[in-house]
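Here's the letter readout for the chains.
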Amino acid sequence: MARRRLSEAIRWQIIGMHATGASFKAIGRQLGYHYTVISRLVRKHRQTGAVKDRPQSGRPRVTSEREDRAFLRIIRREPFSTSTVLKRAWLPNRHLSTRTVRNRLKAAGMAARRVIKRPRLTDDHKRRRLAWCLARQRWNLRTWRRIHWSDESRFLLHVTDGRLRVWRHRNTAYTPRNIRQTVPFGGGSVMVWGCISHDCKLDLVTIRGNLTGDHYMRHVLEPVVVTHFDNHPLATRPVYMYDNARPHRSRAVVDYLQNNAVTTLPWPAMSPDLNPLEHVWDILGRRIQALQPPVQTLRELEAALHREWLQVTREQIRRLTGGMRRRVDAVIRARGGFTRY
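Residues numbered from 1 in each chain as written. Predicted model: local features only at pLDDT ≥ 70, side-chain atom pairs only at ≥ 80, totals over all residues. Heavy atoms only, no water.

The protein chain has the name Transposase in an unreviewed UniProt entry, where Littorina saxatilis is given as its organism.

See below:
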C-alpha cells in the first residue's frame with residue numbers, strides 16, 4: 001500500500017503543534033499518522049529549518065550514455081523495428097524491459113508515426129528523374145501552363161483504412177460495436193481518367209473494363225484529348241503528359257498521337273510526385289469518403305466522382321500546376337529521390 005504523503009500545510013501544522021508542547025504520539029493520534037512520521041519531520045525541521053522533501057536521485061539508469069548512443073544508431077538503421085526487436089538488437093545479453101526502450105525513444109524525441117508510402121526507386125529511376133528535372137529547371141509558368149496532365153485512378157466503393165483505431169475497454173475486441181465490417185476487394189471499384197492544365201479541366205471519363213491501348217484511343221484520346229487539342233492553333237498547341245503505363249505506350253497509341261499532331265511530354269518512370277493531378281485524385285477521394293449518406297453502389301460512386309470532379313475549382317488546380325518549379329527543385333535537391341509531394 002502506498003504511503004500517504006504529507007501536504008506542506010499539514011507539515012507546518014505538525015511543527016506548530018509540537019512547538020506548543022504536544023508529544024509525537026498525541027500529534028499522531030490527532031492527525032492519523034504514526035508517531036515516527038511526526039518525529040522524523042520535527043528532526044528534519046530542526047536540522048534544515050524546512051519541511052519540504054530533499055531532492056532525490058530517483059532510480060538509477062540501467063544504460064550508459066554510450067549505450068544510449070548505440071541505441072540511436074540502431075534506430076537509424078532499422079526505423080521500422082518494434083520495441084521488442086530493438087531490445088534484442090540493442091543489448092541482447094542484458095535484461096531490459098520494453099518500457100526502457102520506449103523511454104529512450106521518447107527521450108530522443110521519437111514517436112511511432114504514420115508511414116509514408118512511395119513507389120520503389122532504383123538507381124536508374126533516380127538518375128532519370130534527376131535528368132528530367134534538370135532539363136526543365138528553368139521552365140517558367142508560361143511554359144508549364146501548356147502542359148496537360150493526365151492520369152487514371154481507381155476508387156473503391158468501401159475504403160479500408162489500415163490505420164483505423166477504436167476506443168474500447170479490455171477484452172471487448174469482439175463486441176459487435178467495436179468491429180469494422182469489410183467486404184472483399186472493397187466491394188468493387190470505379191476507374192476514371194482525368195486531365196487538367198493551368199487554364200482548363202477536361203471531362204472526366206469512366207474506364208469500363210480493363211484499360212487497353214485500343215480502349216484508351218477510342219474512349220479517351222479520340223473523343224476528349226484530340227478534340228480539345230484541335231481547338232488550339234498549332235503555334236499554341238498544348239503538350240500532352242501521360243505516364244508509362246503499358247496501354248499508354250503501345251505502338252498504336254504512339255502512332256495515333258503522332259498522326260494527330262499531339263506533342264507529348266517525355267516522362268520519367270515512378271514519378272507520381274511530379275504529376276499535380278495526383279493531388280486532385282486525393283481531393284476527390286476525401287470528398288467521396290466524407291459524403292453523408294455514403295455511396296452504396298458502384299453507380300452512385302461513379303455519379304459522385306463526376307459530380308465532385310465538376311466541383312474542383314480552377315483556383316485549386318492552379319495552386320497545384322503553379323507549383324511545378326517547386327516540385328522540380330525538390331527532386332533536384334533529393335538527387336532524384338523521394339520528395340514530400
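From this point, the narrative continues.
Remarks on the state of the cysteines
Definition in use: The definition used for a disulfide is geometric: two cysteine sulfur atoms within 2.5 Å. Partly exposed residues are those whose accessible area sits between 20% and 50% of the maximum for their type, while under 20% is buried and over 50% is exposed, using a 1.4 Å probe and protein chains only.
Applying the stated rule across the entire model yields 0 disulfides. Cys 133 takes part in no disulfide bond, and the closest cysteine sulfur, belonging to Cys 195, lies 20 Å away. Accessibility expressed as a relative area gives 0% for Cys 133, which makes it buried. Cysteine Cys 195 shares no disulfide, and the gap to the nearest cysteine sulfur, in Cys 200, comes to 6.8 Å. On the basis of relative accessibility, which here comes to 1%, the residue Cys 195 falls in the buried class.

Details of the pattern of salt bridges
Formally: The salt bridge criterion pairs a side-chain nitrogen of Lys or Arg with a carboxyl oxygen of Asp or Glu, the two atoms within 4 Å. Helix and strand assignments come from DSSP, with helices taken as H or I runs of at least 4 residues and strands as E runs of at least 2, each series counted from the N terminus.
Considering all chains together, one arrives at 16 salt bridges under this definition. One salt bridge in this structure joins Asp 53 and Arg 11, with 3.0 Å as the shortest N-O distance. One end of the pair, Asp 53, is in the loop between helix H3 (35-48) and helix H4 (65-77); the other, Arg 11, is in helix H1 (residues 8-19), and 42 residues separate them in sequence. Look at Asp 53 and you get partly exposed, because its relative accessible area is 36%. Taking the relative accessible area as the measure of exposure, Arg 11 reaches 9% and is therefore buried. The partner of Glu 67 in a salt bridge is Arg 94, and the shortest N-O contact between them spans 2.5 Å. Taken together, the residues span a long stretch of sequence, with Glu 67 in helix H4 and Arg 94 in the loop between helix H5 (83-90) and helix H6 (98-107) at a distance of 27 residues.

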